[in-house]
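# An overview of the molecular structure
Spelled out, the chains give:
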Amino acid sequence: MLGRVLFYDTKLSTNNKVACASCHQQRFAFSDTSQASAGVNGNTGRHSMRLVNLRFAEEVKFFWDERAATLADQVLQPIQDHTEMGFSGSDGNPGLNELMVKLAQEDYYEELFRFVYGDANVSPGRIQECLVQFISSIQSFDSKYDIGRAQVTREDDDFPNFSASENRGKLLFLRNSTFAPGAIRTGAGLGCGSCHRAPEFDIDPVTNNNGFISKIGGGQDLNVSRAPTIRDLMKTDGTLNGKLMHTGSLTLRQVLEHYNSKTIVNDRMDARLRPEGKAKNLQMTEQEFTDGIAFLKTLSGTTLYTDAKWSDPFQR
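Residues numbered from 1 in each chain as written. Predicted model: local features only at pLDDT ≥ 70, side-chain atom pairs only at ≥ 80, totals over all residues. Heavy atoms only, no water.

The helix and strand tally for the chain stands at 11 helices and six strands. Expected size for 316 residues packed as a compact globule is a radius of gyration near 20 Å; at 21 Å, the chain falls within 12% of this value. For the chain, the C-alpha atoms occupy an extent of roughly 65 × 45 × 25 Å along the three principal directions. A total of 316 residues make up the chain; the buried ones form 52% of that total. Across the chain, the fraction of contacts at a sequence separation of at least 24, relative to all contacts at a separation of at least 6, is 59%. Summed over all atoms, the accessible surface of the chain reaches about 14,400 Å², with 50% contributed by carbon and sulfur. Taken as two groups, the 35 positive and 39 negative side-chain charges of the chain have centres that lie 4 Å from each other. (Helix = DSSP H or I, 4+ residues; strand = E, 2+ residues; numbered from the N terminus. Rg over C-alpha atoms; globule rule 2.2 N^0.38 Å. Buried < 20%, exposed > 50% of the residue type's maximum accessible area, 1.4 Å probe, protein only. Contact = heavy atoms within 4.5 Å. Areas by Shrake-Rupley, 256 points an atom, 1.4 Å probe, with all protein chains shown as cover. Lys, Arg positive; Asp, Glu negative; His and termini not counted. Charge placed at Lys NZ, Arg CZ, Asp CG, Glu CD.)

See below:
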């Protein structure tokens, strides 16, 4: 409960207007439909990443550029970021100690900290621990994919609850692509699963950038090597939970088109996207686009968006 209150409390920002939940909204799979999220002193430099199934992620580093080694290292950084929540201790803004004093003055925190820890001491370590516990509790395992996977022995068996298009898309996703000389695709798959492995579909921890190096506001961003799970890219009705990539600028079709077309190779591009030193050219057919998108839609659950245990405790 304490972590949930902290996650939704705008008092964790200097202007009492921004909470963790301002950028990570339950109705959008704990992301933001805005390209960049509004902070107390401007907008974020990258799109807000969805917070889904983090406790099960293969990649334990956080932020798009993996600058936080663990979730525990990550959770206090937005609070201390001058742009996001403002307790930076720089440019006239208060620091983290001032936040502790501020929260300790609230009666509900005195009661909650006593309930959880046995005393009313508000500390960075306790806030960190409680936020980690709440964020780690956010789960999505009730998708059409999960229901189908429980009915078969092997991942590449046809799922009984899938349409023909969804089953074809699943195999396209799971099977690797192979390339003849000249980087011509000859294999039956697209190779997506080599970086986003089933069943969690998180990012492989040993990855470099994916060739999409645009930056919000212009320029290049070569340091992006993490991504959220591709579960809950959209709601079950097909509505995206915000546009995709670290720029929050692409539709699902545009993401597939990015991987389908030749891309300018950069020095930090993942080797799996550059056979023979060239970017992949998947040469997807229209049917493959349709089937791939149909499969990705099966990875969305339902309770994530409505379960009260992840909802705003300040709403009456």
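There's plenty left to go through after this.
Within the secondary structure, Lys 170 sits in helix 9 (residues 164-174). In this structure Lys 170 is buried but unpaired, with Asp 158 as the nearest side chain of opposite charge at 5.4 Å. Excluding anything up to four places from it in sequence, Lys 170 contacts Glu 155, Asp 156, Asp 157, Phe 159, Phe 162 and Phe 295. (Salt bridge = Lys/Arg side-chain N within 4 Å of Asp/Glu carboxyl O.)

Now for empty space enclosed by the protein. One water molecule sets the probe size; rolling that probe over the atoms shows where empty space is left. Going through the model one piece at a time under the given rule, you end up with two cavities of 30 Å³ or more. Space inside the largest cavity adds up to approximately 810 Å³. Looking at the largest cavity, it is lined by 45 residues, and the ones nearest its centre are His 196, Asn 210, Ile 230, Val 255 and Tyr 259. Breaking the lining of the largest cavity down by element, the ones donating at least two residues are helix 9, helix 10 (252-260) and helix 11 (286-297). The biggest single contributor to the lining of the largest cavity is helix 10, with four residues. In this structure, the second largest cavity is lined by Asn 210, His 258, Tyr 259, Ser 261, Thr 263, Met 269, Leu 273, Ala 279 and Lys 280. Looking at side-chain class alone, the lining of the second largest cavity contains four nonpolar, four polar and one charged residues. (1 Å grid on protein atoms, 1.4 Å probe; cavity = no way out; pocket = protein on both sides within 12 Å on 5 of 7 lines; lining within 4 Å. Points joined across faces, edges and corners; volume = space filled by probe spheres on them. Nonpolar A, V, L, I, M, F, W, Y, C, P; charged D, E, K, R; others polar.)

Here we come to the packing of aromatic side chains. With the rule as written, the count across this model stands at 17 aromatic pairs. Ring centres of Phe 7 and Phe 134 lie 5.1 Å apart, and the angle between their planes is 50 degrees; this geometry places the pair in the tilted category. With Phe 7 in helix 1 (residues 2-8) and Phe 134 in helix 7 (residues 124-137), the pair connects residues that are 127 residues apart, well separated along the chain. Phe 134 shares its class with Phe 7; the two are buried. Ring-pair connections join several aromatic residues into one group, and the members of that group are Tyr 145, Phe 159, Phe 162, Phe 173, Phe 201 and Phe 295. Of note, Lys 170 hangs over the ring of Phe 159, and the distance from its end group to the ring centre comes to 4.3 Å. Its end group placed over the ring of Phe 62, Arg 226 keeps NZ or CZ at 4.9 Å from the ring centre. (Phe/Tyr/Trp six-rings, centres within 6.5 Å; stacked < 30°, edge-to-face > 60°. Lys NZ or Arg CZ within 6 Å of the ring centre and 35° of its normal.)

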